[in-house]
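A look at the structure
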Amino acid sequence: MFLPYYLIVPILAPIMCINAETTVIVSSPVNPVKKNAVLSVLCQVKNIQKTHVVAITRHDSEGNIENLSYGKTNIINDNDDRIFLAVRQNQDGSEVYLLSIKDAESSDAGSYKCQVLQRDFSEVAVGIVDIEVHYFPSKDTYPMCTPHEHIQVNAGEKLKLNCTTEIGFPSVDITWSRSDNLATPEPRESTHDGMLYSELSLVVSAKDQGAMFVCKIASDLFPEINQLCYAGPLIVQGDWVPSTVHSERETSLATTNSGPDTDSTNTRAIKCQNCAPSRSLLYWVVATAAGIIFAAIFLIWDVVLCIKLRRMRHDKAYQPPPEDVYLEISNRGTLTAGDSVRRLYMTLEKPTGKRDYEERNFPCT
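Residue numbers run consecutively from 1 along every chain, following the written order of its sequence. Only residues with pLDDT of at least 70 get local features here, since the model is predicted, and only at 80 or more are side-chain atom pairs given and counted; chain-wide, interface and lining totals rely on the full set of residues. Only hydrogens and water are set aside; all other atoms, that is, all heavy atoms of the structure, feed into the side-chain values.

A run of DSSP states H or I qualifies as a helix once it reaches four residues; a run of E qualifies as a strand once it reaches two. Both are numbered from the N-terminal end. Summing up its helical and strand segments, the protein has 4 helices and 23 strands in all. Note on exposure labels: buried denotes an accessible area under 20% of the residue type's maximum, exposed denotes more than 50%, and partly exposed covers the range between, all computed with a 1.4 Å probe on protein chains only. Looking at the protein as a whole, 28% of its 365 residues are labelled buried. Nonlocal contacts in the protein, meaning residues at least 24 apart in sequence, comprise 56% of its contacts between residues at least 6 apart. Counting every atom, the protein has about 24700 Å² of accessible surface; 56% of that belongs to carbon and sulfur. Residue contacts are defined here by distance: any two heavy atoms, one from each residue, within 4.5 Å place the two residues in contact. Note that accessible areas follow from Shrake-Rupley with a 1.4 Å probe, and for residues the cover is restricted to the protein chains shown.

So this is what it looks like as structure tokens:
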């Protein structure tokens, strides 16, 4: 016995509605997204009920959760005016939620979760999409070269040049070059806290005079971007030349001479060229010696001048006494012929005021 069609449909309709499962499909129209572009999250919900609420959140690599939207119109993060939410309801009863973030930044990358929740916040359905944000380090900041100005260094010393930049996503490549197109040593790279470090070490020689070192960061994803920084130029003091140059000269000389004694003598003579003092050292020695000589000449001149001035002051202060200034010492009694008279003559008057006297005897006539 079969029931009529008009009786079966009303009976089965409630059962079919109860068994309908709510599903969520999450996608991103553009993934990965370049920095400063629009990041979009598309959330399609089927068989949504009136008691259901759709929430969109972002989970970063460190486990932090950021609530972006709840419901159809509520934007939770009101401080970020880059976020927009649009909701559309289709004829089949499904709903589409489009979350857009303009001017995407590297911090916007992460896992975006679209959840269908009950009023008690229990989860009914969920969908997740991982979105990457590709970015190149800021052109206003990176790369940074140190030291970046004129570098004074002695020939034969070891010099270290550093280039620092953000890693970027995907990671950028660092390359070193020279303004004179000579080869550079292999740099040493390391990463720490999202930064990429490149260190270039070299032993400076006279051929590096005026050299400028260039650090460039580039990425295959951003072929139109090349950012540079400069270290130098080098100001090399001295004329040291790498030992490889001397070894080549030693080898060529050894092949043209015969006999072990001759070869060893020539080798020692060539090596001694590297032992000669540099021009800068000779200039320093000559300048120091000349300074000492001039200082000694001026010192002697000052001493002679001081002695002359003291003599002039002494001669000006000294005034010899007149010849006829004397003090007569009287004798007791009456003087007769044959007696002598004693007189004290002033012979010297010192600048201090003291006077020297000389006693003289004169016959009495």
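That covers the picture; the talk isn't over yet.
This part is about the state of the cysteines. The criterion for a disulfide is a pair of cysteine sulfur atoms lying within 2.5 Å. Applying the stated criterion across every chain yields a total of 3 disulfides. The residue that forms a disulfide with Cys43 is Cys114, at a sulfur-sulfur distance of 1.8 Å. The sign of the S-S torsion, about -70 degrees, decides the handedness of the disulfide formed by Cys43 and Cys114: left-handed. You can see Cys43 sitting in strand E3 (residues 39-46) and its partner Cys114 sitting in strand E9 (residues 110-117), a full 71 residues away along the chain. Given the relative accessible area of 1%, Cys114 is considered buried.

Turning our eyes to something else, we now look at the pairing of strand E14 (residues 158-166). Side chains on a regular strand alternate between the two faces of the sheet. The rule for pairing is simple: two strands pair if DSSP sees at least two bridges between them. Pairing analysis gives 3 bridges linking strand E12 (residues 144-146) to E14, with the strands arranged antiparallel. Looking at the pairing, Met144 lines up with Thr164 of E14. Where E14 and strand E17 (residues 195-203) come together, 9 bridges link them in antiparallel fashion. Within E17, the position partnered with Cys163 by the bridge is Ser198.

Bringing the side chain of Ser94 into the picture now. Assignment of secondary structure puts Ser94 in the loop between strand E7 (83-89) and strand E8 (95-101). In this structure the side chain of Ser94 is engaged in a polar contact, spanning 2.7 Å, whose partner is the side chain of Asp92. In contact with Ser94, not counting residues within four places along its chain, are Val45, Lys46, Arg88 and Gln89. Throughout this description, a polar contact denotes any pair of N or O atoms lying within 3.5 Å of each other; where both atoms belong to protein, one of them has to be capable of donating a hydrogen while the other can accept it, and for residues adjacent in sequence the pair is counted only when both atoms sit in side chains.

Residues Leu234 and Val236 line the buried face of strand E20 (residues 234-237), whereas the alternating positions Ile235 and Gln237 sit on a face that is not buried. With 4 bridges joining them, strand E13 (residues 151-154) and E20 adopt parallel strand pairing. Following the sheet pairing, Asn154 is matched in E20 by Gln237.

The nonpolar side chains of soluble globular proteins are, as a tendency, buried together. Counting 25 residues, the largest nonpolar core has Val24, Leu39, Val41, Cys43, Val45, Val54 and Tyr112 as its most contacted members. Among the elements of the structure, strand E1 (23-27), E3, strand E4 (53-59), E7, E8, E9 and strand E10 (123-131) are those that each provide at least two residues to this core. A total of 4 residues in this core trace back to one element, the largest contributor, which is E3. With near-sequence residues (within four places) excluded, Val45 lies in contact with Thr22, Thr23, Val24, Val54, Ser94, Glu95, Tyr97 and Val116. In plain words, nonpolar cores are sets of buried Ala, Val, Leu, Ile, Met, Phe, Trp, Tyr and Cys residues tied together by side-chain atoms within 4.5 Å.

For the rest of this paragraph, the subject is the environment of Phe121. Of note, Phe121 is situated in the loop between E9 and E10. Taking the C-alpha atoms as reference, Phe121 lies 10.0 Å from Ala55; in sequence the two are 66 residues apart.

Note: strands within a sheet are paired through backbone hydrogen bonds, in either parallel or antiparallel orientation. Taken in spatial order, the 4 strands line up as E1-E3-E8-E7 in an open sheet, and their pairing is antiparallel. Each edge of the open sheet is held by one strand with a lone partner, namely E1 and E7. Strand after strand, the sheet turns through a mean of 15 degrees between neighbouring axes, direction not considered. Looking at chain direction, E3 and E8 are connected through 7 bridges and run antiparallel. Residue pairing in the sheet places Val45 in a bridge with Glu95 of E8. Angles run from 0 to 180 degrees between N-to-C directions of axes, and those axes are lines fitted to C-alpha atoms, restricted for helices to the stretch in contact.

Moving on, we get to a nonpolar patch on the surface. Distance thresholds for patches are 9 Å for like charges and 5 Å for nonpolar side chains (Val, Leu, Ile, Met, Phe, Trp, Tyr), applied to residues having over 30% relative accessible area and no salt bridge. When a carboxyl oxygen of Asp or Glu lies within 4 Å of a side-chain nitrogen of Lys or Arg, that pair is called a salt bridge. A cluster of nonpolar side chains, Ile293, Phe294, Ile297 and Phe298, forms an exposed patch at the surface whose accessible area comes to about 450 Å². Its location among the elements puts Phe298 in helix H4 (residues 279-317). Note on Phe298: relative accessible area 54%, which makes it exposed.

What follows is about the sheet that holds strand E16 (residues 188-192). Pairing within the open sheet is antiparallel, and its 4 strands lie in the order E12-E14-E17-E16. Looking at strand neighbours, the two that pair on one side only are E12 and E16, the edges of this open sheet. On average, each strand axis in the sheet is tilted by 20 degrees relative to the strand beside it, whichever way the strands run.

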